[in-house]
Amino acid sequence: MGTLLTAIIISLIVFSILIILNTVLAYGVYLYSGGFEWDKMLEFLKRRVAVYVLIWFVFSGMNILIFWLTETFGYVINLGALGTMTGIISILSALIVALLVQKIIGKFKKLGIAIGENNK
């Protein structure tokens, strides 16, 4: 159970850092170009990131509940089910991080900093 909570806390920290970095870079883009719109960024966070984070919270909560039930009441749950839940949570975490990193890279490009491109 401790390992599960540690993984969830680490994911929350990573999400928070990426969202803060995204916000700071968005403000940098605004200063650089003068054309930034907060509405677009908030819409991105609401429509794209918030949906995945909500689903991630639900699956993480279910996984915590499963571990709590097994420890408290001694229920035996198939390890395949636990592995599937962990896999889904990991995939959702990776998707959230990928979305935020993609947005951050886009902001660096708007600032004139090429990231991940081969300059030959």
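Before reading on, note that the structure itself is shown above.
Novice: I keep staring at the side chain of Asn22 and nothing clicks. Help me out?
Specialist: Among the structural elements, Asn22 can be located in helix H1 (residues 2-33). If near-sequence neighbours (up to four positions away) are discounted, Asn22 is found in contact with Met41, Phe44, Leu100, Lys103, Ile104 and Lys107.

Novice: What am I meant to see in the packing of aromatic side chains here?
Specialist: Enumeration according to the criterion identifies two aromatic pairs in this entry. Ring centres of Phe15 and Trp56 lie 5.1 Å apart, and the angle between their planes is 75°; this geometry places the pair in the edge-to-face category. You can see Phe15 sitting in helix H1 and its partner Trp56 sitting in helix H2 (residues 38-73), a full 41 residues away along the chain. Across this residue pair, the class does not change: Phe15 and Trp56 are buried. Ring centres of Trp56 and Phe57 lie 5.1 Å apart, and the angle between their planes is 65°; on these two criteria the pair is classed as edge-to-face. Judged by its relative accessible area of 0%, Trp56 is buried. We classify Phe57 as partly exposed; its relative accessible area is 43%.

Novice: Can you walk me through the layout of surface pockets in this structure?
Specialist: Size it by volume and the second largest pocket reaches roughly 180 Å³. Taken together, 13 residues line the second largest pocket, and the ones lying closest to its centre are Leu4, Ala7, Ile8, Thr86 and Ile89. Mapped onto the lining of the second largest pocket, the elements with two or more residues apiece are H1, H2 and helix H3 (79-110). When residues of the lining of the second largest pocket are assigned to their parent elements, the largest contribution, five residues, is made by H1. Split by residue class, the lining of the second largest pocket holds seven nonpolar, six polar and no charged.

Novice: Hey, could you run me through a nonpolar patch on the surface in this one?
Specialist: Residues Tyr27, Tyr30, Leu31, Trp38 and Leu42 make up a contiguous nonpolar surface patch of about 530 Å² in total accessible area. Of all elements in the fold, only H1 and H2 reach the threshold of two or more residues within the nonpolar patch. If you tally residues by element for the nonpolar patch, the top one is H1, at three residues. Relative to the helices and strands, Trp38 is located in helix H2. Taking the relative accessible area as the measure of exposure, Trp38 reaches 38% and is therefore partly exposed.

What counts, and where the lines are drawn
- Residues numbered from 1 in each chain as written.
- Predicted model: local features only at pLDDT ≥ 70, side-chain atom pairs only at ≥ 80, totals over all residues.
- Heavy atoms only, no water.
- Helix = DSSP H or I, 4+ residues; strand = E, 2+ residues; numbered from the N terminus.
- Contact = heavy atoms within 4.5 Å.
- Phe/Tyr/Trp six-rings, centres within 6.5 Å; stacked < 30°, edge-to-face > 60°.
- Buried < 20%, exposed > 50% of the residue type's maximum accessible area, 1.4 Å probe, protein only.
- 1 Å grid on protein atoms, 1.4 Å probe; cavity = no way out; pocket = protein on both sides within 12 Å on 5 of 7 lines; lining within 4 Å.
- Points joined across faces, edges and corners; volume = space filled by probe spheres on them.
- Nonpolar A, V, L, I, M, F, W, Y, C, P; charged D, E, K, R; others polar.
- Patch = residues over 30% accessible without salt bridge, like charges linked within 9 Å, V, L, I, M, F, W, Y side chains within 5 Å.
- Areas by Shrake-Rupley, 256 points an atom, 1.4 Å probe, with all protein chains shown as cover.
- Salt bridge = Lys/Arg side-chain N within 4 Å of Asp/Glu carboxyl O.

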